[in-house]
Amino acid sequence: MVTRRGLVPSALELLDRAGILLWAQTPVYQLREPQLADPAVRERAVGLVRDLVRRDRSHPSVLTWSLANELPSRPGPGHAATLEAMAAAAREADPDRFLAVDILGHPGVEAQSTYRVVDALGINAYFGWYNGPSGATADRSKLGGYLDDMRRLYPDHALFVTEFGAEANREGPADEKGTYAFQTRLLRDVVTTIDDRPFVNGAITWLLRDFRVKPGWAGGNPKPTAPINAKGLVDDTGRRKPAFTELQRLFKRKP
């Protein structure tokens, strides 16, 4: 169902009919400044977003065009130039839909003028799962304060939480990373924190179903099952984890 430039057209037709919104994103992921400063890389990134927008702009299910995911938290000149060129290409092809970029949710990062070229920020917020720089995201209770800070730093941007979650591949206590109970509690706490902040416009759990990543994958899980990314609400055999039912209940509530 997925191609190098996004979902195949038949999948988008199904989303349109079902009224399911899509956060459409180019595969510009975790590139560093030397790569982003390379004119060939920039040209390729611009081509990717231009092709994506031109192909899928007629689909009402597409909520936004997200230019990139998890680039450096403090953009350099190559980063800034690449996003600016991508934004210009996307707006030329579709001037009416808003643009976004997905960033790593790390506290202590000042406002970045580079993001002026987009309308929204997607925040990948793994508070309580990954430790982050110097343990900045180890405590999930700090998520609320971080979101408040982001609202203050970016008052003119729409804010979304585009990733949150935890690996789960076994039974065990709720205070042990990697257990179903830990995942369920973390997701419940994060959703409650987001519900308390109406300026957060939406949230996406990462992820729906476990999938194969690479040999040696751990994903923050002290007892991983490599190469499986076990952050799914459904395991790789199709079995629903306890967090599926809990998140279904939470998402059905009126925020």
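Description of the structure in this document. Values in this document were obtained by computation on a predicted structure and should not be read as measured data.

## Some details on unusual backbone geometry
- Residue Leu 207 follows Trp 206 across a cis peptide bond; omega there is 15°.
- Considering the arrangement of structural elements, one finds Leu 207 in the loop between β10 (200–203) and β11 (211–212).
- The step from Ala 226 to Pro 227 runs through a cis peptide bond, and the omega angle for that step is 5°.
- Relative to the helices and strands, Pro 227 is located in the loop between β11 and β12 (228–229).
- In this structure, Glu 70 is a non-glycine residue whose phi angle is positive, near 55°.

## Considerations on the pattern of salt bridges
- Under the definition given, this model contains 15 salt bridges.
- Put simply, Lys 231 and Glu 167 hold a salt bridge, and the shortest N to O gap is 3.1 Å. In this pair, Lys 231 sits in the loop between β12 and α7 (242–252) while Glu 167 sits in the loop between β7 (158–163) and β8 (168–170), placing the two residues 64 residues apart along the sequence. Across the pair, Glu 167 and Lys 231 agree in class, each one buried.
- When salt bridges that share partners are traced, they join Arg 170, Glu 176 and Lys 223 into one network.

## Thoughts on the packing of aromatic side chains
- The tally for this structure, following the rule as stated, stands at seven aromatic pairs.
- Pairing Phe 127 with Tyr 146 gives two aromatic rings, centres 5.4 Å apart and planes at 35°, and the pair type is tilted. Placement of the pair is Phe 127 in the loop between β6 (120–124) and α5 (143–153) and Tyr 146 in helix α5, with a sequence separation of 19 residues.
- Classification of Tyr 146 as buried rests on a relative accessible area of 6%.
- Members of the aromatic cluster, connected to one another through ring pairs, are Trp 23, Phe 98 and Phe 160.
- A cation over an aromatic ring shows up here: Arg 140 above the ring of Phe 182, its NZ or CZ 5.7 Å from the ring centre.
- The side chain of Lys 177 reaches across the aromatic face of Trp 129, ending 5.2 Å from its centre.

Reading the values: rules and limits
- Residues numbered from 1 in each chain as written.
- Predicted model: local features only at pLDDT ≥ 70, side-chain atom pairs only at ≥ 80, totals over all residues.
- Heavy atoms only, no water.
- Helix = DSSP H or I, 4+ residues; strand = E, 2+ residues; numbered from the N terminus.
- Salt bridge = Lys/Arg side-chain N within 4 Å of Asp/Glu carboxyl O.
- Buried < 20%, exposed > 50% of the residue type's maximum accessible area, 1.4 Å probe, protein only.
- Phe/Tyr/Trp six-rings, centres within 6.5 Å; stacked < 30°, edge-to-face > 60°.
- Lys NZ or Arg CZ within 6 Å of the ring centre and 35° of its normal.

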